Amino acid sequence: MKLIDGKQIATDIKKEIAQEVREMVEAGAKQPHLAAILVGHDGGSETYVAFKIKDCEEVGFKSSLVRFEDDVTEEELLAKVHELNNDTDVDGFIVQLPLPKHISEQKIIEAIDPRKDVDGFHPINVGRMVIGLPCFVSATPDGIVELLKRYKIETSGKDCVVVGRSNIVGRPMSVLMSQKAINATVTVAHSRTKDLKELCASADILIAALGAPEFIKGDMVKEGAVVIDVGTTRVKSDQTKSGFKLKGDVAFDEVAHKCSYITPVPGGVGPMTRVALLKNTLLAAKKEIYK
Ligand code: NAP
């Protein structure tokens, strides 16, 4: 069994990005600039945005944070999105989700200029991904593809089962795995899938993105399978200072010894998700997707 070290790969990629930014700036280009809109004070969202800003600093990007209180109106938020769309200094921006219930997330996402949509959530980017055109791919699936590539994991002709069909993880993941560059044969499973245990146990590559701690047990995994654990659920723990720890969707102790490769939680997919946003921002700054 080989542990896929997402933390190390993410560190390597950050160094590569930082080097590229140094060269760009030395050659006279401006620093890539990522902006983030944060609404309210949700603990999770605060933490994610703080990480994104720290990541920008580490690779030499400029970053800006735009904050609104929970009672911001949809119109005010849309006005800010339009302002960022038209700000020539901003290469890409994100609106941290979830938003308060009185605001339509879809409306906000669709207001973002696809050329600056570095989260890859705009239907134009999703559509371009589906038909294999250059686009901003959403961060978690992009990070997983990068892990498979960097570990030179054979995907062509392999049977891949993706458990989960969300718009940000499962569905785009399944599309990417079926594309010509990857060539896997993909099945998408969800809460209505029958015989899930047998289906998972048939997979050469099993990608668990359902958000149910330790759901994938030893008897759901084939000998020699590659297992990618996307799940990150905060569960109570008396072993940590915070009183919580992150649990994946895979029962690691039961499953790991059967796998050829497996991602740990934490330290697997999570760091790659963070770095994928940096990759997209660099692509936006270089105008490499929409020329
Ligand atoms: P989500 O929107 O809640 O989607 C979960 C998906 O799993 C749904 O399609 C659901 O099916 C399916 N599902 C739930 N329970 C199931 C079951 N018992 N059997 C089969 N399918 C089941 O979640 P998400 O946003 O995709 O996130 C999934 C997990 O990944 C969460 O733990 C999240 O925290 C984590 N995550 C981690 C990262 C990272 O960077 N590591 C990034 C994003 C998300 P239905 O469609 O039928 O409801």
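Residues numbered from 1 in each chain as written. Predicted model: local features only at pLDDT ≥ 70, side-chain atom pairs only at ≥ 80, totals over all residues. Heavy atoms only, no water.

**What to know about a negative patch on the surface**
The cut-off we apply is this: Here a patch means residues that are over 30% exposed by relative accessible area and free of salt bridges, tied together within 9 Å if like-charged and within 5 Å if nonpolar (Val, Leu, Ile, Met, Phe, Trp, Tyr). Method for areas: the Shrake-Rupley scheme with a 1.4 Å probe, in which residue coverage is limited to the protein chains shown. One side-chain nitrogen of Lys or Arg within 4 Å of one carboxyl oxygen of Asp or Glu is enough to make a salt bridge. Positive charge is attributed to Lys and Arg, negative charge to Asp and Glu, and no charge count is given to His or to the chain ends. Note on charges: their place is set at NZ of Lys, CZ of Arg, CG of Asp or CD of Glu. Numbering of helices and strands starts at the N terminus; helices are DSSP runs of H or I of at least 4 residues and strands are runs of E of at least 2. Exposed residues in this analysis have more than 50% of their type's maximum accessible area, buried residues have under 20%, and partly exposed residues fall in between, with area computed by a 1.4 Å probe over protein chains only.
Together, Asp42, Glu69, Asp70, Asp71, Glu75 and Glu76 line one region of the surface with negative charge. Position of Asp71 relative to the elements: it lies in the loop between β3 (62-68) and α3 (74-86). Overall, the relative accessible area of 64% leaves Asp71 in the exposed class.

**Some remarks on the sheet that holds strand β8 (residues 226-229)**
We apply this condition: A strand pair is defined by DSSP finding two or more bridges across the two strands.
One open sheet holds the 6 strands; their spatial order is β1-β11-β8-β7-β5-β6, and the pairing between them is parallel. Every other strand in the sheet has two partners, leaving β1 (2-3) and β6 (185-189) as the edge strands with one partner each. Taken together, the 4 bridges between strand β5 (residues 159-163) and strand β7 (residues 205-208) define a ladder with parallel strand orientation. Bridged to Val162 within β7 is Ile207.

**A word on the nonpolar core**
This is how the line gets drawn: Within this scheme, the nonpolar core is defined by two criteria: the residues are buried Ala, Val, Leu, Ile, Met, Phe, Trp, Tyr or Cys, and they are joined through side-chain atoms within 4.5 Å. Here a residue-residue contact requires only that any non-hydrogen atoms of the pair lie within 4.5 Å.
Of all hydrophobic cores here, the largest spans 53 residues; its most connected members are Ile17, Phe61, Ile144, Met177, Ile207, Ile228 and Val230. For this core, the element with the most residues is helix α10 (residues 269-285), which contributes 8 residues. Other than its neighbours up to four places away in sequence, Ile144 contacts Met173, Ile207, Ile228, Val230 and Val269.

**Digging into the pairing of β8**
Sheet faces and side chains relate simply in a regular strand, where the side chains alternate between the two faces. Of the two faces of β8, both are covered, the one formed by Val226 and Ile228 as well as the one formed by Val227 and Asp229. Relative to β8, β7 runs parallel, the two sharing 4 bridges. Looking at β8, one finds that Ala208 is bridged to Asp229. Note that β8 and strand β11 (residues 261-262) share 2 bridges and pair parallel. When the bridges of β11 are listed, Val227 appears paired with Ile262.

**Quick word on the UniProt feature "binding site: NADP(+)" (unreviewed entry) in the protein chain**
For the record, the criterion: UniProt positions are given in the numbering used here, feature names are shortened, and annotations may be inferred rather than shown by experiment.
Taking the UniProt record as the reference, the feature "binding site: NADP(+)" (unreviewed entry) is found at Gly164, Arg165, Ser166 and Thr232. Along the polypeptide, Gly164 turns up in the loop between β5 and α7 (170-178). In this structure Gly164 touches Gly170, Arg171, Val188, Ala189 and Ala209, once residues within four positions along its chain are discounted. With respect to the element layout, Arg165 can be found in the loop between β5 and α7.

**Regarding the UniProt feature "domain: Tetrahydrofolate dehydrogenase/cyclohydrolase NAD(P)-binding" (unreviewed entry) in the protein chain**
Mapped onto the present numbering, the UniProt feature "domain: Tetrahydrofolate dehydrogenase/cyclohydrolase NAD(P)-binding" (unreviewed entry) falls at residues 138-288. Taken end to end, residues 138-288 is 32% helix and 19% strand, and its first and last C-alpha atoms sit 16 Å apart.

**Quick word on the site of the ligand**
Stated precisely, the cut-off is as follows: One heavy atom within 4 Å of a molecule or strand makes the whole residue count as near it. Distance and chemistry together define a polar contact, namely a pair of N or O atoms within 3.5 Å, with one atom able to donate a hydrogen and the other to accept it when in protein, and with adjacent residues in sequence counting only for side-chain atoms on both sides. Gly falls in the polar group here, along with every residue not listed as nonpolar (Ala, Val, Leu, Ile, Met, Phe, Trp, Tyr, Cys, Pro) or charged (Asp, Glu, Lys, Arg).
Around the ligand sit 21 residues in total, of which Arg165, Ser166, Ser191, Thr232 and Thr273 are the nearest. Contacts to the ligand include Arg165, whose side-chain N or O atom sits 2.7 Å from an oxygen atom. At 2.7 Å, a side-chain N or O of Thr273 approaches an oxygen atom of the ligand. Coverage of the ligand by the protein amounts to 68% of the 920 Å² it exposes when considered alone. Per-element tally for the shell around the ligand: the top contributor is α10, with 3 residues. Taken together, the residues of the shell around the ligand sort by class into 9 nonpolar, 11 polar and 1 charged.

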